[in-house]
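Read off the chains here:
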Amino acid sequence: MLRILFSLLSVVLVLAMESSTADEQPGNQQPRRRPPAFGRPTPGPEDIAAYPAPPESFLVRREGIPHGKLEMVSYESATVGTTRKMNVYTPPGYSSDRKYPVLYLLHGIGGDETEWQRFAQPDNLFDNLLADGKMVPMIVVMPNGRAQKNDRAEGDVFASAPAFAVFERDLLSDVIPAIESRYSVDARRETRAIAGLSMGGGQSFNFGLGNLDRFASIGAFSAAPNTTAFEQLIPDPAAARAQLQLMWISCGNKDGLLGISQRAHQFLKQHQIPHTWHVDEHGHDAKHWSSSLYWFAQSVFQPAG
Ligand code: FER
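Residues numbered from 1 in each chain as written. Predicted model: local features only at pLDDT ≥ 70, side-chain atom pairs only at ≥ 80, totals over all residues. Heavy atoms only, no water.

A.B. asks: Please clarify how the overall build of the protein should be interpreted in this entry.
C.D. replies: Looking only at helices and strands, one finds nine helices and eight strands in the protein. By residue count, 53% of the 305 residues in the protein fall in the buried class. Taking contacts inside the protein between residues at least 6 apart in sequence as the whole, the part at least 24 apart equals 76%. Accessible surface, the protein as shown: approximately 13,500 Å² in total, 54% of it carbon and sulfur. (Helix = DSSP H or I, 4+ residues; strand = E, 2+ residues; numbered from the N terminus. Buried < 20%, exposed > 50% of the residue type's maximum accessible area, 1.4 Å probe, protein only. Contact = heavy atoms within 4.5 Å. Areas by Shrake-Rupley, 256 points an atom, 1.4 Å probe, with all protein chains shown as cover.)

A.B. asks: Is there a simple way to think about the pattern of salt bridges in this case?
C.D. replies: Side chains that differ in sign of charge can pair as their charged atoms come close. Applying the stated criterion to the full structure yields 14 salt bridges. Its salt-bridge partner being arginine 118, residue glutamate 115 comes within 3.9 Å of it at the nearest N-O pair. Of this pair, glutamate 115 and arginine 118 both sit in helix H2 (residues 115-120), separated by three residues, roughly a single helical turn. A residue is classified by how much of its surface remains accessible, and glutamate 115, at 0% relative accessible area, is buried. Between arginine 192 and glutamate 180 there is a salt bridge whose closest N-O contact spans 2.8 Å. (Salt bridge = Lys/Arg side-chain N within 4 Å of Asp/Glu carboxyl O.)

A.B. asks: Help me understand helix H5 (residues 199-210), please; the structure alone is not making it clear to me.
C.D. replies: Each α-helix turn comprises 3.6 residues. Residues three or four places apart therefore point the same way. Compared with the 16 Å implied by 1.5 Å per residue over 12 residues, the 16 Å span of H5 between its first and last C-alpha is a close match. Listed as buried for H5 are Met199, Gly200, Gly201, Gly202, Gln203, Ser204, Phe205, Asn206, Phe207, Gly208 and Leu209. (Expected span 1.5 Å × (residues − 1).)

A.B. asks: Would you mind going over the packing of helix H4 (residues 161-182) against H5 with me for this structure?
C.D. replies: The relative placement of two packed helices comes down to the angle between their axes together with the axis-to-axis distance. Running from N to C, H4 and H5 cross one another at 45°; their axes reach a closest spacing of 10 Å. As far as their axial angle goes, H5 and H4 are oblique. Pair H4 / H5 crosses with right-handed handedness. Contacts from Ala161, Phe164, Ala165, Phe167, Glu168 and Leu171 of H4 reach H5 at Met199, Gln203 and Phe207. Residues belonging to the contact of H4 with H5 are distributed by class as follows: seven nonpolar, one polar and one charged. (Axes fitted to C-alpha atoms, helices over the stretch in contact; angles between N-to-C directions. Parallel < 35°, antiparallel > 145°, perpendicular 65-115°, else oblique. Left-handed = near helix turned anticlockwise from the far one by under 90°. Nonpolar A, V, L, I, M, F, W, Y, C, P; charged D, E, K, R; others polar.)

A.B. asks: Before we go on, may I ask you to explain the side chain of arginine 84 in this structure?
C.D. replies: Within the element layout of this structure, arginine 84 appears in strand E2 (residues 82-90). Look at arginine 84 and you get buried, because its relative accessible area is 1%. Engagement of the side chain of arginine 84 in a polar contact is seen with the backbone oxygen of asparagine 144, the distance being 3.1 Å. If sequence neighbours within four positions are ignored, arginine 84 has contacts with Val73, Ser74, Tyr75, Ser77, Asn144, Arg146, Ala147, Gln148, Asp151, Phe167 and Asp170. (Polar contact = N/O pair within 3.5 Å; in protein donor to acceptor, adjacent residues only side chain to side chain.)

A.B. asks: I keep staring at the sheet that holds strand E3 (residues 102-106) and nothing clicks. Help me out?
C.D. replies: Sheets are built from strands that pair by backbone hydrogen bonding, the pairs being arranged parallel or antiparallel. Read across the sheet, eight strands follow the order E1-E2-E4-E3-E5-E6-E7-E8 without closing on themselves; strand pairing throughout is mixed. In this open sheet, the two edge strands, each paired with only one partner strand, are strand E1 (69-77) and strand E8 (276-280). Within this sheet the neighbouring strands show an average axis-to-axis angle of 20°, counted without direction. The pairing of E3 with strand E5 (residues 192-197) spans five bridges and is classified as parallel. Each residue of the ladder has a partner; that of tyrosine 104, found in E5, is isoleucine 194. Relative to E1, H4 is tilted by about 120°, and along the sheet it contacts E1, E2, E3, strand E4 (139-142) and E5. Along the sheet, helix H9 (residues 286-299) makes contact with E3, E5, strand E6 (217-221), strand E7 (246-252) and E8, crossing E7 at roughly 160°. (Pairing = 2+ DSSP bridges.)

Rendered as structure tokens:
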């Protein structure tokens, strides 16, 4: 009974939280108070920070360094039957003379292909890390993970949860081929990663682990209840151990969805599958997601994993 009450509460509060983020947009005249943390996270002794907070200015555009490019591109989705949009970052000096690894970076239930821009200024974040030599030059693709004809985050955003599962087919059959035909991509599994926040974190677990022949690196930041049970996702721990180059999981210790990531960490630990487990002091919020992206970007595609 209590569990049901907490689930209901979390649904209501996530809705309020995501719309409160929208309320922070300039021009909106009705600022709403941020709701308190939802659910009841119970951090344990293993749930600690693997990294410090990023430096203050990690999202600030720096002058005097090379800048990459963020562009909104369209693709034909046979899965959805529409022309869809995705935001694509190419690093400074992008050239068809070399082939780049690709990170597919997914959004949450209240977002779309522009959400990462609202939460993290990804072009600034990546430009800054690249200027400091802390990240491998890569293409970052931010598609729309709500695979249905009307893919705007409007109305009851939870009603579109099934479309986040349909996105697996759109990603594999439509998004990836479009990216690999238009950009200069190193299309091996070792140079293809999937990561995301909340619903996008659940998608990254489900699609990444369900398609280890396509993805070698997975990141999930405060994964949502769309995460499939790990017993199902990893029926063969030895195979996953051999194939996974990077498994990177994070959550805030004030996030009501912490239990989902804790269960992932416990399963991986129990089956001796190497992974990063980073729990910071944040909630289900942009601070956690931008910070997670900052650290994940520095681990992915690195020779040492
Ligand atoms: C839920 C709670 C949260 C859920 C999804 C979310 C599908 C997703 C939150 C987000 O993406 O921010 O019960 O069910």
